[in-house]
Amino acid sequence: KDYPRVLVIQADHVGSKQFQEIRTSLRGRAEIVMGKNTMIRTALRLNMEKEEYAHLNLDKVLEIVKGNIGFVFVKEGDLNDVRNEIQSNRVPAAARAGIVAQCDVFLPVGPTGLD
């Protein structure tokens, strides 16, 4: 009841320092909650059965609980303002093995210097 609005966020490749900066910038206006998907699904299923939450369509939220997601509970202010604040803290992730690139990468033909 203290947080009447919620955003669902996807947080792949977000470091703890970056989360700390986002939480600091949202302090007092919103709260970020991350958790295990199994625990989130269990809590949603238990609350879906309660009559006071029947109007919230929690089954639709349950469908999107996949991967590394979290919730931003917004106390005051506009959802777009909070969303813009979160997006302003985006930084490019470093390349790592096994991670799909965010953009196309082309290597020119020729010696690489790695021989």
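Residues numbered from 1 in each chain as written. Predicted model: local features only at pLDDT ≥ 70, side-chain atom pairs only at ≥ 80, totals over all residues. Heavy atoms only, no water.

Considering the sheet that holds strand β2 (residues 30-34)
Across a sheet, paired strands are connected by hydrogen bonds in the backbone, their directions being either parallel or antiparallel.
Right, so step 1: Taken together, the three strands give an open sheet; going across it, the order is β1-β3-β2, and neighbouring strands pair in antiparallel fashion. Of all strands in the sheet, those with a lone pairing partner are β1 (5-10) and β2, marking the two edges. Ignoring strand direction, the axes of neighbouring strands in this sheet form an average angle of 25°.
Right, so step 2: Contacts from helix α1 (residues 16-26) reach β2 and β3 (69-74), with the element oriented near 150° to β2.
Right, so step 3: Those strands touched by helix α4 (residues 79-87) are β1, β2 and β3, and its axis lies near 25° from that of β1. (Pairing = 2+ DSSP bridges. Helix = DSSP H or I, 4+ residues; strand = E, 2+ residues; numbered from the N terminus. Axes fitted to C-alpha atoms, helices over the stretch in contact; angles between N-to-C directions. Contact = heavy atoms within 4.5 Å.)

Some details on the packing of α1 against α4
Right, so step 1: Two elements in contact, α1 and α4, have axes separated by 10 Å at closest approach and are oriented at 150°. Between α1 and α4, the crossing angle belongs to the class labelled roughly antiparallel. Relative to α4, the crossing made by α1 is right-handed. Here Ile-22, Ser-25 and Leu-26 of α1 come into contact with α4, specifically with Val-82, Glu-85 and Ile-86.
Right, so step 2: Considered class by class, the residues forming the contact of α1 with α4 number four nonpolar, one polar and one charged. (Parallel < 35°, antiparallel > 145°, perpendicular 65-115°, else oblique. Left-handed = near helix turned anticlockwise from the far one by under 90°. Nonpolar A, V, L, I, M, F, W, Y, C, P; charged D, E, K, R; others polar.)

On their own, these measurements won't tell you what the molecule is for.
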